[in-house]
Amino acid sequence: MEKEDRRCCSKIAGVAGTIERDAREKKVGDGVQITKKSFCLLAWNTAIGDMGYALSRLEIDPDFSDSESSPVGDDNDTPQPSSENNLEHEVAQLTKLRSAPHKRLKQVLPRRPEFPVSPVKMLAGREGNYSGRGRFTAADRCHLLNKYLPVKGPSIVDQLTTRAYVSQFSDDGSLFVAAFQGSHIKIYNAEKGWKLQKNVHAKSLRWTITDTSLSPDKRFLVYATMSPIVNIVNIGSAATESHANITEIHEALEFSGDDEGGYSFGIFSVKFSNDGRELVAGSSDDSIYVYDVEANRLSLRIQAHTSDVNSVCFADEASHLIYSGSDDNLCKVWDRRCFRSKGKPAGILMGHLEGITFLDSRGDGRYFISNGKDQTIKLWDIRKMSSNATRSPGFRNYEWDYRWMDYPLRARDVKHPSDQSVSTYKGHSVLRTLIRCYFSPEYSTGHKYIYTGSHDSCVYIYNLVSGAQVARLVHHKSTVRDCSWHPHYPMLVSSSFDGDIAKWDFPAPGNGDNPLPVNNRRPRRRHFD
């Protein structure tokens, strides 16, 4: 490779020298003299184009070409994308703009066919300052990293004998949180060989830990269970073991009103606001709760749906808009700035045939995705929302419960008569538990992908624009309820009911070391009473 680099550099220098001599001796074309900037630019165009022609076939893995036509994983039973997933919406153009290389790198030389932009050509273009900034643009970075999906592995981060329900990276990717049914919440330092930084022993556990959330400054962790109490823990202390109110204080935040006693409802979903000052929660009493952490009081309760609110999240950094998804099959948008005067949602989005298990916002206050018990993920644009939900009885004529029954075959091709979603993604399985789905990170992928856990023990990755399944990660032996993509590196961690926390990555070319190392030795299963 070093010889090839020297050959390329010599070629660039030779072309530049030839053009410079020609520029000094004569005028070119129709009388316009070549300037120093012009001949340098022409030299780079010629040399970089030749490099792309010669090396793109070697550098582009066919599994990760721009067409995304070849899924990774077990190809024998891979569902094919349906024609309804050809997305021609504004979000498709935004995604392409955020993950496409600089337009000057895509220019085709005369009499040369167009090839995908290889990593070598992109690096040479950066040296030639194609962007005018002397560095990769954000779209260049996403285009390069999109060629290396986290499909290698997995290696086992940890392994317990109890179900893993939650797995989340911190916003900067330095910490990773895994929550288990057996009252354990483990926090790993991903930058220090996945060393266990905190082992939180939850209190007042009812059934399982349903959700956790890290504060933006990584000082506090909140965890929820099937009760109206959310506990908050200071995870910045030096001690590794955190036993509730024995070694450390787990402060209880009361979400029930004064007139409600005991365990009147449970909380399925809890999230910090972007500034860390508030929590939003969805509950089994059909409500959304907003808790003021600084004032230590409940600030808002919304009687939001007609069934369990399984997932809630803030729409963007401002935290004025809240998205909610429920077992009443509806997604709703709430604007806190006008809720008290109107007392109703800003809008309603219909399209799922069954209850909604999870929501994830794109972070722009406009788009979000939802996972549904109708075995689909749907992409939504809140500009398409309506003021009321139209009832269309008759599209469900079967009895079914996702907790112990398979989804009826006759229901798989049924469409909602008033579907307002932008696109639909199929192939995974949403059964037995509230399985989660997410946008891939903006920094490394430009939100180009959607990924989800599945009841069939796999992790699925879809192309947001084409709807194609680009990867199916096979390892676990039971339901994958949650998974999390590192915000900066091509790394994904999945958690399963088999007790495994598994890490998938794609090492840098020519370097067998992972960006964030992990102990690849399979640990012994740990037993807890």
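Computed from a prediction, not measured in an experiment: that's the story for all the values here.

Let's shift gears to the overall build of the protein chain. Looking only at helices and strands, one finds 7 helices and 29 strands in the protein chain. Expressed as a percentage of the 529 residues in the protein chain, the buried residues total 55%. Within the protein chain, contacts between residues separated by at least 24 positions form 58% of all contacts whose residues are at least 6 apart in sequence. Surface summary for the protein chain: the accessible area is close to 24000 Å², and the carbon and sulfur share equals 48%.

Turning our eyes to something else, we now look at the packing of aromatic side chains. Using the criterion set out here, one finds 18 aromatic pairs in the structure. Measuring from centroid to centroid gives 5.1 Å for Phe255 and Tyr291, while their planes differ by 25 degrees, and the two rings are stacked. Highlighted residues: Phe255 in the loop between β10 (250–254) and β11 (267–272) and Tyr291 in strand β13 (residues 287–292), separated in sequence by 36 residues. Assessed through its relative accessible area of 0%, Phe255 is described here as buried. Through a chain of ring-to-ring contacts, the aromatic side chains of Phe358, Tyr438, Tyr449, Tyr451 and Trp485 assemble into a single cluster.

Another point: the pattern of salt bridges. Charged atoms that come close allow side chains of opposite charge to pair. Counted under the stated rule, the structure contains 19 salt bridges. Where Asp172 meets Lys218, a salt bridge forms, and the shortest distance between an N and an O atom there is 2.7 Å. Separated by 46 residues along the polypeptide, Asp172 in the loop between β2 (164–169) and β3 (175–180) and Lys218 in the loop between β6 (211–214) and β7 (220–224) bring together distant segments of the chain. Owing to a relative accessible area of 32%, Asp172 belongs among the partly exposed residues under this scheme. Among the ionic pairs, Asp401 bridges to Arg403, the shortest N-O distance being 2.7 Å. Take Asp401: its relative accessible area is 18%, and that puts it in the buried class. Via salt bridges that share partners, Glu90, Arg366, Asp381 and Arg383 belong to a single interconnected network.

Another aspect to go through is the UniProt feature "repeat: WD" (unreviewed entry) in the protein chain. Under the UniProt annotation, the feature "repeat: WD" (unreviewed entry) is placed at residues 260–301, 302–335, 349–390 and 473–505. As annotated, residues 473–505 comprises 0% helix and 61% strand, and the C-alpha atoms at either end are separated by 11 Å.

A word on the confidence of the model for the protein chain. For the protein chain, per-residue confidence averages 80 on the pLDDT scale, and 73% of positions sit at 70 or higher. With pLDDT under 50 throughout, residues 1–84 is counted as low confidence; its partners more than four residues away or in other chains account for 95 contacts. In this model residues 511–524 is a low-confidence stretch, pLDDT under 50, and it forms 30 contacts with partners more than four residues away in sequence or in other chains.

The next point concerns helix α5 (residues 138–145). Within α5, the full set of buried residues consists of Ala139, Asp140, Cys142, His143 and Leu144. Close packing links the buried residues of α5 with α3 (90–99), α4 (119–127) and α7 (442–445).

This paragraph deals with the environment of Ser418. With respect to the element layout, Ser418 can be found in the loop between β21 (376–381) and β22 (423–426). Given a relative accessible area of 24%, Ser418 falls into the partly exposed group. On a C-alpha basis, the gap between Ser418 and His352 in space is 9.6 Å, while along the polypeptide they are 66 residues apart.

In an α-helix there are 3.6 residues to a turn, and that puts residues three or four apart on one side. For α4, every residue scored as buried is listed here: Pro119, Val120, Lys121, Met122, Ala124 and Gly125. Positive backbone phi, at 60 degrees, marks Asn129, one or two positions downstream of α4.

One open sheet accounts for 5 strands, arranged β2-β3-β4-β5-β9; its pairing is mixed. What marks the edges here is a single partner per strand, and that holds for β2 and β9 (241–243). Across the sheet, the mean angle separating the axes of adjacent strands is 15 degrees when strand polarity is ignored. In this sheet, strand β5 (residues 195–201) lies alongside strand β4 (residues 184–189) in antiparallel orientation, the contact comprising 6 bridges. Its bridge partner lying in β5, Asn189 is registered against Lys195.

Attention shifts here to the side chain of Ser361. Note that Ser361 resides in strand β19 (residues 356–361). Judged by its relative accessible area of 14%, Ser361 falls in the buried class. There is a polar contact of 2.7 Å between the side chain of Ser361 and the backbone oxygen of Ala315. Polar contacts involving the side chain of Ser361 include one to the main-chain amide nitrogen of Gly363, which spans 3.0 Å.

In terms of burial, β21 is largely enclosed, as 6 of its 6 residues are buried. Neither face of β21 is open: one carries Thr376, Lys378 and Trp380, the other Ile377, Leu379 and Asp381, and all of them are buried. Note: strand β20 (residues 367–372) against β21, 5 bridges, orientation antiparallel. Residue pairing in the sheet places Tyr367 in a bridge with Asp381 of β21. Linking β20 to β21, which pair antiparallel, is a turn of 3 residues; within it Gln375 sits at a positive phi near 70 degrees. Looking at chain direction, β21 and β22 are connected through 4 bridges and run antiparallel. Looking at β22, one finds that Ile377 is bridged to Tyr425.

A few words on the packing of α3 against α5. At their nearest, the axes of α3 and α5 sit 6 Å apart, and the two run at 90 degrees to each other. When the axis of α3 is compared with that of α5, the two are roughly perpendicular. Contact residues: α3 offers Leu97, Arg98 and Ser99, while α5 offers Ala138, Ala139, Cys142 and His143. Its residues placed into classes, the contact of α3 with α5 shows 4 nonpolar, 2 polar and 1 charged.

Another aspect to go through is the environment of Leu298. With respect to the helices, strands and loops of the structure, Leu298 is situated in strand β14 (residues 297–303). For Leu298, a relative accessible area of 29% puts it in the partly exposed group. In this structure the C-alpha to C-alpha distance between Leu298 and Leu253, which are 45 residues apart in sequence, comes to 8.6 Å. If we ignore the near neighbours within four places in the chain, the residues touching Leu298 are Phe255, Tyr289, Val290 and Tyr291.

Cut-off values and rules
Residues numbered from 1 in each chain as written. Predicted model: local features only at pLDDT ≥ 70, side-chain atom pairs only at ≥ 80, totals over all residues. Heavy atoms only, no water. Helix = DSSP H or I, 4+ residues; strand = E, 2+ residues; numbered from the N terminus. Buried < 20%, exposed > 50% of the residue type's maximum accessible area, 1.4 Å probe, protein only. Contact = heavy atoms within 4.5 Å. Areas by Shrake-Rupley, 256 points an atom, 1.4 Å probe, with all protein chains shown as cover. Phe/Tyr/Trp six-rings, centres within 6.5 Å; stacked < 30°, edge-to-face > 60°. Salt bridge = Lys/Arg side-chain N within 4 Å of Asp/Glu carboxyl O. UniProt positions renumbered as here; feature names shortened; annotations may be inferred. pLDDT = per-residue confidence, 0-100. Pairing = 2+ DSSP bridges. Axes fitted to C-alpha atoms, helices over the stretch in contact; angles between N-to-C directions. Polar contact = N/O pair within 3.5 Å; in protein donor to acceptor, adjacent residues only side chain to side chain. Parallel < 35°, antiparallel > 145°, perpendicular 65-115°, else oblique. Nonpolar A, V, L, I, M, F, W, Y, C, P; charged D, E, K, R; others polar.

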